[in-house]
Structure formats: C-alpha cells, structure tokens
Amino acid sequence: MNGGRHDVVVVGAGIVGAACAYEFARRGLRVAIVDREMVGGGATAAGMGHIVVMDDSEAQFALTRYSQTLWQDLRSELPTDVEYDRCGTIWVAADDEEMAEVRSKHEYYGKRGVPTEVLDSPSLQRLEPNLRPMAGGLLVSEDAVLYAPCAARFLIERAQEHGADLILGSPVTQMGQGKAELADGSRFTAKFVVNAAGACSPQLTPGLEVRKRKGHLVITDRYPGFIRHQLVELGYLKSASALHKDSVAFNVQPRRTGQVLIGSSRQYGAEHEEVDHEILSRMLTRAEEYMPGLAQVSSIRAWTGFRAATPDKLPLIGPWPGDESLFLATGHEGLGITTSLATGVLLADQIAGRKSQIAIDPYLPSRMAEVVAHGK
Amino acid sequence: MSAVVERCARQEWKSGPMSREVCHQFEVLVVGGGPAGLAAAARAAEASATVGIVDDNPKLGGQIWRGADQDAAGSDASMWLARLKARGVAVICGASVFDLPRPRVLLAEAETAVHVLAYSKLILATGARERFLPFLGWTLQNVIGVGGLQAMVKSGLPIRGRRVVISGTGPLLPAVAAHLRERGAEIMVICEQASWTNLLGFGCSLLQQPGKIRQGLRLSRQLAGVKFLTNAWVVSAHGGTALEYAVIRSKGETKAIPCDYLACGFHLVPNLELPMLLGCRIRNGCVEVDDLQQTAVPNILCAGEPTGVGGVELSIVEGEIAGLAAVGRVDEAKRRFRERAKHRAFAHALDHAFRLRHELSSLPSPDTVVCRCEDVRYSRLDRYASWRSAKLHTRCGMGPCQGRVCGPAVQFLFNWNSESVRPPILPVRVESLAVSASGPRSEYAEVLGGSK
C-alpha cells in the first residue's frame, strides 16, 4: 500500500511527536503521523505531566523555560480534559543543607526572570499542611501540571485541522532515506522523517544512544485539597542524576480530579514493564516519610513506563548525521511533556532553515557523533 | 471540602502507617470462601495439610452462601463450614488479596493489618461477579444488581410490600425472585432476554440431573402467578432522584412498569484479576486448568466460577478435586471426575442458553453513562479501537472500581478486553502497598486458630 507523499513523516504519536506534527502542520507542511498503537500511549501516558523549569544545566534551563512559555501561550486554547493547572512546584528542603540549595536556586531563577519564592518552615506548613515539618522550600509558581494523553490528542487534532494524516495501529519497521515503512506493508515517502519514538527510538535508528529508564507511579482515589502544589524533594536532583543505580524520590502531584499522583522511581536495565513490588515499596515509603498522612490514603492503581534517557540528559533535536532526511526528536527522559512544544518549534525552524529563539547546539544529535568519534 | 480533607487537617491523621503486618505460612492457601474455596480447604485439611483460607467478605460463604453461618444445621453450607472448623483451618476474613510481592507470597489488606501469606500450594476460588449492561437510567437509585439486591435483603433491607422488576439473564433471576417473594416483595415481572426455545433446550439438558429439576420445580411453585417473560429486557429506568418505573420491551412492544426496585443481572463473569496477576493462562474468558484443576502456573490450582461459570454444585466438586490434588491425593480426586463432568455439561448448557442477544448492545443511547466512577458516556467511547486508548483519553474504567463494573459491559458492547492486570488488583491503603515483603523472613507467626 502506498501511504503517499508528504513533506514530513513523524514516527511516534506521543506528546513529542504530536507537538512536532502540530508545529509542522501549522507552518503549512504536509504531515503524516504514524504510531504502532495509539495517541499518547507510551511515556506520555505513563508520566506525571509536569511542566517544570529545571536548572541542571544552562541548556536544560533554556529549553524547559522556553517550552513553558509556549505552553502558557497555548493555555487558553486547551480543552478542559487536558486539565492544565498552574499549581506551581515546591522544591522541598528537608534540612539546612538543602535550604542552602533553595537559596542558590532562587538566585539562579531570579537572574533569569523566573519568579520564585523562598518558603521558611512555617510558610511551607501553611501551604502544604500534610507535609511533615520541613526546613522550607522553593515555590516556583509558573510551573504547571496537565493530563498528557489528552494534550497529545489535542495537538494532533490541531495538526489534522491543518491537513495532517494520522495512521495508527501498525509499527514502523524501517525509517530513513526519505521514507518510512510500516509492518502492514504501507510505505510513506517524504522529504523529512522524524524519529519521535521515545524509548523505542534506538530500534528505528541504530546507533542512537538512548536508553530505557523505567519509572513507577501510583495514583490515589479523590482527595481534593490533600496537596496543592507539585511537591518534589530537593534530594530528587541527586537521585535523578545518579545514572547507574535504582533510585526513588518523593515527588507528588495534585490532579484536577482531586487525585494524588505519587512518584517517583528511576531504574536502568529493567526491561520488563511489570510493577516491581520492591521499588514500589521503597517509593511509597519515601513518600510516607515526607507526608505521613499518605499512608492511610487509598491507592487505586500503579503502573510503569520507560523514559528515553540520553547520556548527557539533554534531548536529541535535529538532523541525524549521515542521513539528510532523518531528524530526531527523542531522548527527553522525564521532561518530554515540558519540552515537547519547544522541540516542535526548534525542529520546524531547522527544517525551514530558520534561526530559533534559543541556541540549538546543545540539543543537536551531532554532539553524540562527536562523542563517538572521540571516544572510540 | 471533603471529610477526608478535614481529617487530614487533624494531627492524628499524620501519624503515618497504622496497620501491622501479620505473617502466615501455609501448605495450602485458598483464596475465596465460597463453595469452591470451602470444599477445597476442607478436603486439603482433612488430608492433614496446614490450610488457610482468605476472603474479602466479613464471613465465609461467598456470594451464594452469604450468611451461611446463620443457616440451619444440615444445609450444604453449614456442613462445609463444620468440616473446616473440625480440621482447624485458619480463617482470614475481611482481607483482600491485592499483590504478589514475590513468588509464593500474597499480600492481603484487612482493616488494621496487612497479611503476608506464604504458601506451598495455592488454590484460587475467586468466584464471579454480575455483569451489568448500561441503559438509560441504570445509574438511578434503586437500580441494582440481582445478586446485589439479594445480598442487601439478606443483610436486612426491608423488602416487604416493595415492587420489584427483575431483568437480565440466567438462572439467578428466578432464584432471586423467589427469595425476594418469600420475604414479602411483590415481583412485578421477570424479563429473561433469552428466547423460549433456548430455555426449553436448557430445560432438556437438565433431564440428566434430577437435583436441578427438583430445584426448578420448587422455584416454579414459589413463583406461581409471577409474570415470566422470555425475549424480554429492560430498555430504560425513570424517576426523579429515585426510581419510579422501568420500561421493558417484549414481543416488539415497550411497556412501563411502576416499581420501587429494578434488579438487573446479565449473567456472571469470572473474577480473573488475581489469576491474571499470577500469570495463569486465560482462555475464552476463563482460567485454563487441567483435569486436576491445575493452572498453567506450577503449584497454583483453580476451582469454581473462574474456570467457567457453572453454579454451586460444579464449584463444590471442582473445589474438592483441587483440594485433594493440592495434597497429592490424586486417586481420590479422580474418583470425583464423573461428578464434575455431569455438572460441566450443565455449565455448557448455561453458556449456550443465556448467551447475550445482539440487540442488547444497542441499549445505550449516546448519553448513557457507561463508566459510573468517572461519568463517561457512551458517545465518547465508540471512536476508540481498544479499551486502553479509551481509558487513557476518556478515563473510562479508571475509577476506584478499576473497571470491574464497566469492564464486562465494554467487553460486550465494543469487544474490548483488558490486556493486563497490575498490583494493587483493588484499591488499598498506600501503607499496604508499601509493605516490603522482601528478603528471608526468619520467623512466621503461628498459624491463626481455626475459629477466628
């Protein structure tokens, strides 16, 4: 079967692929989006849906902040089932050492125009009475949460309004050299093909340094008001950056539905998607340490998902060296929801040969090729 | 703000984990205290095994023998309960199995404890539940399940003088109608969706089973004068806050029937969550077992409705075989095969006679709620190709019942199946899910006394 000729074929209908398709279609390109299964069924469904500005590196900050402003621009158009809620993030400091980190974060964000507020112990207690007494925290008020599967569907519907084709249900067996072939025999040709397949992206582009990083989440029944902000322990930064061992961190999120999402865990080398009771137990015990009242709350579901992790913790956005037609939009690890919109814009800029609003070099896949060339 | 939030604001709410862990070790652990589970536990215990039985209800008996401890001596239920007691089977009631933290260990949550249940052999007797089909007004107050209404009446709901319409399919309809009538209810009509020819065929298949015939004759005496319609089903329920009347369709015509209760049940579906979590092979919606009730997973047996809905007699004999097989009494188990074969024929006849007619899938209108927990209406669902994608985009089946109610409905309406089961298989406290069951436990608590 002939899938037809397009300007761009986007492989992967997760939030990143959806954002790319949305941006391409808006700019008048003829787009096809293909997914082996459904819209937003991978890490998009498994993740928390946290739109958060991060400061691990200057490049990470630039991308997350830029993308956050894009979400804010889109906010008034989002349907209610996207559940966009600017609840803010509170980075919770357990002790004085972490309080020092709060102050330096405050300074870093302030210098770059992101409003934040340092909370002492009593004011944190007032904002989040269910936390056990803590040293304090940092409130980042422009951070938000949303329900990502519906956000991906919204972006794809917008792309479709601009003429994009959505093809679900058959996996891509081969992509590159200006074409994508599906298991059902259909074949798409295009000037550009985009690998936005998340944790599956290395299967489609061999040599890609993207690893699966497994995560667990638990969701509770409805307890409106139990927490009011996304709460993340500052120790999260330490555990999230530990590249080689399993880690858990206190990371909870209020949903519009009144439910509480409880995370988080990070594991390398765990390929099966089953819930791992021991990790779950560690993760929930950590959450109970920060928020003892959670112990008595009813949990209704647990699940797992796979983040697409790169060695330098930055996504891959741009052309894949060696194939002029092949572009990457993958490796977003735990920040795919936040950075999806910026990814779409940066990629569309590159395809159009336009200069982007932020420097693109840190995200170009060619940086990996350099590592390979020098390291081996 | 909800009461929960108010409670959260109080200091004692913040005290953290409250329940204790209680560890047990059994040679044979039985999950489910209905007829199959009781028979399995009794047979295994009579062969001198250390046996435990766990059930989420406050007392043993399952759905069909609910309140069996009140029954007169001499009933089947009281006989099995006495056999359990005589052999000191450890009874853990009010505890729901929700996870398999490591091989041969299950976790069960009770009100103030988490039971850590280690076993050598496991017998699953998890029973079945009613299938509901959505129609206009099915979420009104006093529209409930047939079995649900019976259970409520057994627990003291006053039914005398109340008008009841019963609709759905299967032998449960007349059985429950007779029970309600005995308690003084006025049965307005029983609507059986199956055709008269199907029922006739079913009746003929019972000719080999004098017991069933006797039950049938007794039922028909008890229901003398009650209108029993075949080829008939409820199309809608109406009322303000509570139910006022039901509209039924029979012989191509619709008719409004005033009533206080509308009891619906479209036969039973096996409870497969735990068998699936354990990795048992499922075929045609049932747990696959061999002659000795052994599942595809070594040391895990299964008996009763999960292997195919077949009623109480089949459940008992399957339970007996599983209990005997679990303790190596294979020859004795084999002597029960003929009995089982007879009752299996009944199960097949049930399946055939009460197959749901196609028209029922057009009962919901676009506006009809399909998922009650998340308030998802029919019109939002029919565009999806799988239950998972519908779940993700509409939240259908994502509420606290975890799709137990709408799952069997969407299976019928859209042919969607649930692909996976993950722990917790039912809602539990965070502290229960946080129980770490890793590492060698040096000591297990004494097995609980049999009478508890």
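Computed from a predicted structure; not experimentally measured.

Colleague: Which residues make up the overall build of chain A, and what are the values?
Modeller: When its secondary structure is counted, chain A shows 11 helices and 18 strands. Scaling as 2.2 N^0.38, a compact globule of 376 residues should have a C-alpha radius of gyration of about 21 Å, and chain A matches this with 20 Å. With the C-alpha coordinates of chain A rotated into their principal frame, the extents come out at 60 × 45 × 40 Å. Within chain A, buried positions represent 63% of all 376 residues. When contacts within chain A are restricted to residue pairs at least 6 apart in sequence, long-range pairs at least 24 apart make up 75% of them. Summing over all exposed atoms, chain A offers an accessible surface of approximately 13700 Å²; the carbon and sulfur share of this is 50%. Positive and negative charge centroids in chain A, built from 39 and 46 side chains respectively, lie 2 Å apart.

Colleague: With reference to specific residues and values, describe the sheet that holds strand β4 (residues 89–93) of chain A.
Modeller: One open sheet holds the 9 strands; their spatial order is β5(A)-β6(A)-β4(A)-β13(A)-β14(A)-β15(A)-β12(A)-β16(A)-β22(B), and the pairing between them is mixed. Either end of the sheet is taken by a strand with one partner, and the two such strands are β5 (116–120) of chain A together with β22 (428–429) of chain B. In terms of strand pairing, strand β12 (residues 211–222) of chain A meets strand β15 (residues 259–268) of chain A through 5 bridges, oriented antiparallel. Looking at β15(A), one finds that Arg222(A) is bridged to Gln259(A). Strands β4, β5 and β6 (136–140) of chain A of the sheet are contacted by helix α4 (residues 96–111) of chain A, whose axis makes an angle of about 20 degrees with β6(A).

Colleague: Quick one: what's the story with the interface of chain A and chain B, residue by residue and with numbers?
Modeller: Facing 46 residues of chain A, the contacting portion of chain B comprises 42 residues. Between chain A and chain B, the buried area comes to about 3500 Å², and carbon and sulfur atoms account for 54% of it. Three residues, His277(A), Gln296(A) and Arg301(A), lead the burial of chain A against chain B; their summed loss comes to 19% of the area buried on that side. Run the count over chain A and chain B and you get 3 salt bridges. The salt bridge involving Arg388(B) is made with Glu37(A); its shortest N-O contact spans 4.0 Å. Counting across the chain A and chain B interface gives 19 residue pairs in polar contact (both at pLDDT 80 or more).

Colleague: Kindly report on the packing of aromatic side chains, identifying the contributing residues and their values.
Modeller: Residues and elements named next belong to chain A. Here the structure, examined in full by the defined rule, presents 10 aromatic pairs over all chains. Between Phe61 and Tyr108, the ring centres sit 5.6 Å apart and the planes meet at 85 degrees, which makes this aromatic pair edge-to-face. You can see Phe61 sitting in helix α3 (residues 58–74) and its partner Tyr108 sitting in helix α4, a full 47 residues away along the chain. The exposure class assigned to Phe61 is buried, which follows from its relative accessible area of 7%.

Colleague: Any details on the domain arrangement of chain B? Residues and values, ideally.
Modeller: Residue and element names in this part refer to chain B. The domain boundaries assigned to chain B delineate domain 1 (3–129 + 270–350 + 431–451), domain 2 (132–266) and domain 3 (363–414). The C-alpha-based centres of domain 2 and domain 3 are spaced at 25 Å. Opposite the 10 residues of domain 2 that make contact, domain 3 presents 10 residues. Both sides together, the interface formed by domain 2 and domain 3 hides about 960 Å², and carbon and sulfur atoms give 71% of it. When the area that domain 2 buries against domain 3 is broken down by residue, the three leading residues are Leu133, Pro134 and Trp138, summing to 51%. Summed over the shared surface of domain 2 and domain 3, the result is 0 salt bridges. Across the contact surface, domain 2 and domain 3 share 2 residue pairs in polar contact (both at pLDDT 80 or more).

Colleague: Can you tell me about the sheet that holds strand β14 (residues 253–258) of chain B, naming the residues and giving the values?
Modeller: All names here are of chain B. Pairing within the open sheet is antiparallel, and its 3 strands lie in the order β12-β13-β14. A strand with exactly one partner marks an edge of an open sheet, and here the two such strands are β12 (232–239) and β14. If you compare each strand with its neighbour and ignore which way they point, the axes differ by 25 degrees on average. Where β12 and strand β13 (residues 243–250) come together, 7 bridges link them in antiparallel fashion.

Procedures and definitions
- Residues numbered from 1 in each chain as written.
- Chains lettered and ligands numbered in written order.
- Predicted model: local features only at pLDDT ≥ 70, side-chain atom pairs only at ≥ 80, totals over all residues.
- Heavy atoms only, no water.
- Helix = DSSP H or I, 4+ residues; strand = E, 2+ residues; numbered from the N terminus.
- Rg over C-alpha atoms; globule rule 2.2 N^0.38 Å.
- Buried < 20%, exposed > 50% of the residue type's maximum accessible area, 1.4 Å probe, protein only.
- Contact = heavy atoms within 4.5 Å.
- Areas by Shrake-Rupley, 256 points an atom, 1.4 Å probe, with all protein chains shown as cover.
- Lys, Arg positive; Asp, Glu negative; His and termini not counted.
- Charge placed at Lys NZ, Arg CZ, Asp CG, Glu CD.
- Pairing = 2+ DSSP bridges.
- Axes fitted to C-alpha atoms, helices over the stretch in contact; angles between N-to-C directions.
- Buried area = accessible area lost by both parts, 1.4 Å probe.
- Salt bridge = Lys/Arg side-chain N within 4 Å of Asp/Glu carboxyl O.
- Polar contact = N/O pair within 3.5 Å; in protein donor to acceptor, adjacent residues only side chain to side chain.
- Phe/Tyr/Trp six-rings, centres within 6.5 Å; stacked < 30°, edge-to-face > 60°.
- Domains from an automatic or database assignment.

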